[in-house]
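One letter stands for each residue in the lines below.
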2 protein chains.
Amino acid sequence: MELNNRKVNILKAIIHSYIEEGEAVGSRTLSKKYDLGVSSATIRNEMSDLEELGYLIKPHTSAGRVPSDKAYRLYVDNILIDKNKSKYYKQIKKILQEDINEMEMFLRNSSRILAQLTKYTSLIIAPQFKKSKLKHVQLVPVSGRKVLIVMIMQNNIVKNVLLNLKTPIPENQLNKISNLLNEKLTGLRLDMIDLSMKNRIKKEIYSIRNQYDQKIDELMKVLISSLNEYDKIDVYSDGLNNMLNFPEYNDTEKIREFLSFVEDKDNIVKLLLKNTGEDLDITIGHENIFDEISKCSLITATYKFNGITVGKLGVIGPTRMDYKTAIPIVKALSNNINEIIEKNFKDQIKE
Amino acid sequence: MELNNRKVNILKAIIHSYIEEGEAVGSRTLSKKYDLGVSSATIRNEMSDLEELGYLIKPHTSAGRVPSDKAYRLYVDNILIDKNKSKYYKQIKKILQEDINEMEMFLRNSSRILAQLTKYTSLIIAPQFKKSKLKHVQLVPVSGRKVLIVMIMQNNIVKNVLLNLKTPIPENQLNKISNLLNEKLTGLRLDMIDLSMKNRIKKEIYSIRNQYDQKIDELMKVLISSLNEYDKIDVYSDGLNNMLNFPEYNDTEKIREFLSFVEDKDNIVKLLLKNTGEDLDITIGHENIFDEISKCSLITATYKFNGITVGKLGVIGPTRMDYKTAIPIVKALSNNINEIIEKNFKDQIKE
DNA sequence: TATTAGCACTCTTTATTGATGAGTGCTAAG
DNA sequence: CTTAGCACTCATCAATAAAGAGTGCTAATA
């Protein structure tokens, strides 16, 4: 059996109707609502075929039919043409045009906007450090025994760690150590700093201090470990309550399942980092790696800095989500973020 | 009519029963469950009195009775004796004993622990800047046109702002400006930096640069404005899905109301900053300033640095929350946080 | 041969009814 | 003052019935 033109049209109509109403679609409803040029009986036959082909599912004997994950996949890949991207692009650009000094605030805003525009739950993860190079390290004296380590990454994300030394280090030595660390570490990707390099650097620092010093071990340990932190990726999310608008979440148990899934930031990180390949990625229903969201779809996009993917953003909603508006919105936001990052956080120096 | 001993005992039994079961309590159930030494008929009469006095509410004619906000208030203020504080204190101390270099991570952890222990929704707001003094400013050169402003507050919270200059400032001048800013601004409370001071400082910076310079205006503007930010208080929350365990949230509409309230960080900030006076504060039901949570109670505590309140933490749950365990947990966590902040973020220098 | 009208049948949804049971308030007796 | 007894109220739950939407098959039609 073949997926002819008429079948595709009927399937498309069913998908549109189901996305809109959230209720199983019957042949008669369909023939009244959409001008398909054939009677309900014919539609009935075609629907029966579509079910056999795996594109439709019957919730029960007399309830009409519902699109399967396979149907949404076909729809997203082959039927859907996304328009309005430039419309959303301009709209988002206008809203985002505020202060963008602080990465954190900027992403929080983006997350809110994404949720508001799509009416789904937005997810954003902040730049990954491991893939980013270190640009500048500075040890700032805070007071006698305290040193603030300021790390500036290639993408101008700043990371601070406050270090509690057991005995003070004089400021001039601190500066020398700063310079040394800069010399040795800048330009390196964080996951490339290995043990032998650490030891080499430690040795050199000892020569500055003219003696072995336990505090240096301490400092190096904190520096390296905080650079290597993988699980500390920041997660921003907004619009959780948007999910409650959908009849599929009329049930407290369903809400709990979704909520506890999204509240666990580890899940979000794993989910968003799953597919790193494409700029735009859509996973539908059971394609998702987590069972808890096997009735959800996820649209994600990357954002980049100097061509390197440094973060991801996206929306999660029921599988019957409105792909035709959600996709261009995600794309438009991702483009905007890319541009703003390039413009506002970009370094002058050629890499 | 007077609130005699027997009435108080009956009320206490009703409150305990209702906190435990979540269902309206009847006279017969009560006489079976608790040994009150009188018959159900007597209890019935007393309950009728308690209703007249405003401590009990009848959901409908034949459904038993439910404690009013006034009843919980009496219970919390006069009936409840909190034990187990030291038990929870030790338990939390053990859990928190991890890396506490980063304030953000530390508070996020605390928030998770609070939600897990209480089984309610936890809320924490991070140190308020306005009330904190500036300890150190450092301008770190990132690259030609970019300068990172690192501000270290008295409580060792660090704040970064990346500044995009239109023309570069040489590093030696940057250092001089850093020194000048330190000299002029450290020790001042942020809300005390006024316009005339700003102008004086600007003048001095100009003299370093030997000329009027539009970029200095820019720098000062960013510096001051980012110091004065009030609405950027960080909010941490966890255990949203805990609320779904309560039968009062069996209704999607109720969940939505709660969720959209808590998702809005502005609400949380306003809520927690409402009462600044007491170390421990409990607001019950309609005592809350927001209608959306008029069926919730809130237990908050402060955390301090050098005796100054710098943040708040607490739990929110249904009015029939288990005060007798939630209160000591909040207290115990607040004590722990206080100690950890004192120990790990405390400066050597006497203020 | 493909399409359509007609019809019996299925199954969910919604409303109705009645029984059950927990609870109250009043009265009168202890 | 306390308590037993009793009529009455009202939410909850289960069973039943009616309505409505949809399917699949068959036979007629273009």
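Note: the structure precedes this text.
A brief report on the enclosed structure follows. (Residues numbered from 1 in each chain as written. Chains lettered and ligands numbered in written order. Predicted model: local features only at pLDDT ≥ 70, side-chain atom pairs only at ≥ 80, totals over all residues. Heavy atoms only, no water.)

Comments concerning the overall build of chain A
Counting secondary structure elements, chain A contains 12 helices and 10 strands. The buried share of chain A, taken over its 351 residues, is 56%. In the structure as shown, chain A presents an accessible area of about 15,800 Å², 47% of it carried by carbon and sulfur atoms. (Helix = DSSP H or I, 4+ residues; strand = E, 2+ residues; numbered from the N terminus. Buried < 20%, exposed > 50% of the residue type's maximum accessible area, 1.4 Å probe, protein only. Areas by Shrake-Rupley, 256 points an atom, 1.4 Å probe, with all protein chains shown as cover.)

What to know about the nonpolar core
Here is a general trend for soluble globular proteins: nonpolar side chains tend to be buried in one another's company. In this structure, Y323(A) and Y323(B) are the most contacted members of the largest nonpolar core, which totals 159 residues. Other than its neighbours up to four places away in sequence, Y323(B) contacts I19(B), Y72(B), Y75(B), V76(B), L80(B), I282(B), I284(B), S297(B), I299(B) and P328(B). (Core = buried A, V, L, I, M, F, W, Y, C linked by side-chain atoms within 4.5 Å. Contact = heavy atoms within 4.5 Å.)

Structural notes on helix α11 (residues 265–273) of chain B
Residue and element names in this part refer to chain B. Every buried residue belonging to α11 is among N267, I268, V269, L271, L272 and L273, and all of these are buried. In this structure, the buried residues of α11 make contact with β3 (121–125), β7 (235–238), α10 (252–263), β9 (296–305) and β10 (308–318). For α11, the capping residue at the N-terminal end is D264, with a side-chain oxygen 3.0 Å from the backbone nitrogen of D266. (Polar contact = N/O pair within 3.5 Å; in protein donor to acceptor, adjacent residues only side chain to side chain.)

Side note on the sheet that holds strand β4 (residues 134–143) of chain A
All names here are of chain A. Overall, antiparallel pairing links the three strands, which are arranged β4-β5-β6 in an open sheet. Because the sheet does not close on itself, it has two edges, and the strands there are β4 and β6 (158–164). Mean inter-strand twist for the sheet, computed between neighbouring axes without regard to direction, equals 20°. Helix α7 (residues 171–185) contacts β4 and β5 (146–153) of the sheet and is inclined by roughly 165° relative to β4. (Pairing = 2+ DSSP bridges. Axes fitted to C-alpha atoms, helices over the stretch in contact; angles between N-to-C directions.)

Considerations on the environment of D281(B)
Looking at where D281(B) falls in the secondary structure, it is placed in strand β8 (residues 280–284). Residues D281(B) and A301(B), spaced 20 residues apart in sequence, show a C-alpha to C-alpha distance of 6.2 Å.

Side note on the side chain of S17(A)
Here S17(A) shows up in helix α1 (residues 5–21). Those residues in contact with S17(A), other than ones at most four positions away along the chain, are G22(A), V25(A), K33(A) and Y34(A).

Brief notes about the pattern of salt bridges
Two side chains that carry opposite charge are able to pair once their charged atoms sit near each other. Residues and elements named next belong to chain B. In the structure shown here, the tally under the stated rule is 28 salt bridges over all chains. Between R6 and E46 there is a salt bridge, with the nearest N and O atoms lying 2.7 Å from each other. Of this pair, R6 sits in helix α1 (residues 5–21) while E46 sits in helix α3 (residues 40–52), and the two are 40 residues apart along the sequence. Residue R6 is classed as partly exposed on the basis of its relative accessible area of 38%. Measuring nitrogen to oxygen at the nearest pair gives 3.1 Å for the salt bridge that ties D82 to K331. In this pair, D82 is assigned in the loop between α4 (69–79) and α5 (85–96) and K331 in helix α12 (residues 323–345), connecting sequence segments 249 residues apart. Residue classification places D82 among the partly exposed positions, given a relative accessible area of 28%. (Salt bridge = Lys/Arg side-chain N within 4 Å of Asp/Glu carboxyl O.)

As for the sheet that holds strand β6 (residues 158–164) of chain B
Residues and elements named next belong to chain B. The strand order across the open sheet built from three strands is β4-β5-β6, with neighbouring strands paired in antiparallel fashion. The sheet terminates laterally at β4 (134–143) and β6, the two strands that pair on one side only. If you compare each strand with its neighbour and ignore which way they point, the axes differ by 20° on average. As paired elements, strand β5 (residues 146–153) and β6 share seven bridges and run antiparallel to each other. Residue I152 lies in a different strand from β6, and its bridge partner there is V158. Sheet strands touched by helix α7 (residues 171–185): β4 and β5. Its angle to β4, the strand with the most contacts, is close to 165°.

Some remarks on the protein's contact with DNA strand C
What surrounds DNA strand C is a group of 21 residues, the closest being R6(A), T42(A), T61(A), T29(B) and K58(B). Taken together, the sugar and phosphate atoms account for 77% of what DNA strand C places within 4 Å of the protein. In this structure, a base oxygen belonging to DNA strand C sits 3.2 Å away from a side-chain N or O atom of R44(A). Contacts to DNA strand C include G26(B), whose backbone N or O atom sits 3.4 Å from a phosphate oxygen. (Near = heavy atom within 4 Å.)

Focus: the side chain of N182(A)
All names here are of chain A. When you line up the elements, N182 lands in helix α7. Taking the relative accessible area as the measure of exposure, N182 reaches 12% and is therefore buried. One polar contact links the side chain of N182 to the main-chain carbonyl oxygen of V137, over a distance of 2.8 Å. Non-local contacts of N182, meaning those with residues more than four positions away in its chain, are made with K135, H136 and V137.

A closer look at the protein's contact with DNA strand D
The environment of DNA strand D is formed by 21 residues, the closest being S27(A), T29(A), K58(A), T42(B) and S62(B). Sugar and phosphate atoms form 77% of the subset of DNA strand D atoms that lie within 4 Å of the protein. One nitrogen or oxygen atom from the side chain of R44(B) is found 3.3 Å from a base oxygen belonging to DNA strand D. In the environment of DNA strand D, a phosphate oxygen lies 3.1 Å from a nitrogen or oxygen atom belonging to the side chain of T61(B). Of all the elements in the fold, those that place two or more residues in the surface near DNA strand D are α2 (27–33) and α3 (40–52) of chain A together with α3 of chain B. Among the elements that take part in the surface near DNA strand D, α3(B) stands out by supplying four residues, more than any other.

A look at unusual backbone geometry
Outside of glycine, negative phi angles account for most residues, and trans bonds account for most peptide bonds. Residues and elements named next belong to chain A. Of note, the phi angle at N84 is positive, near 65°, even though the residue is not glycine. By the element assignment, N84 lies in the loop between α4 (69–79) and α5 (85–96). Despite not being glycine, K119 shows a phi value in the positive range, around 70°. Counting through the fold element by element, K119 comes out in the loop between α6 (103–118) and β3 (121–125).

Let's talk about the environment of I340(A)
Looking at the secondary structure, you find I340(A) in helix α12 (residues 323–345). Its relative accessible area of 8% is what places I340(A) among the buried residues.

Regarding the packing of aromatic side chains
Per the counting criterion, the structure on display carries 10 aromatic pairs over all chains. Ring geometry for Y75(A) against Y323(A): centres 6.4 Å apart, planes inclined by 65°, an arrangement best described as edge-to-face. With Y75(A) in helix α4 and Y323(A) in helix α12, this residue pair connects regions lying 248 residues apart in the sequence. Exposure remark for Y75(A): the relative accessible area of 1% places this residue in the buried category. Using a relative accessible area of 0% as the deciding quantity, one classes Y323(A) as buried. By way of ring pairs, the aromatic residues Y72(A), Y75(A) and Y323(A) are connected into one cluster. For the cation-ring pair, K70(A) lies above Y55(A), with the distance from its terminal atom to the ring centre recorded as 4.6 Å. Residue placement shows K87(B) over the ring face of Y88(B); its charged tip is 4.9 Å from the ring centre. (Phe/Tyr/Trp six-rings, centres within 6.5 Å; stacked < 30°, edge-to-face > 60°. Lys NZ or Arg CZ within 6 Å of the ring centre and 35° of its normal.)

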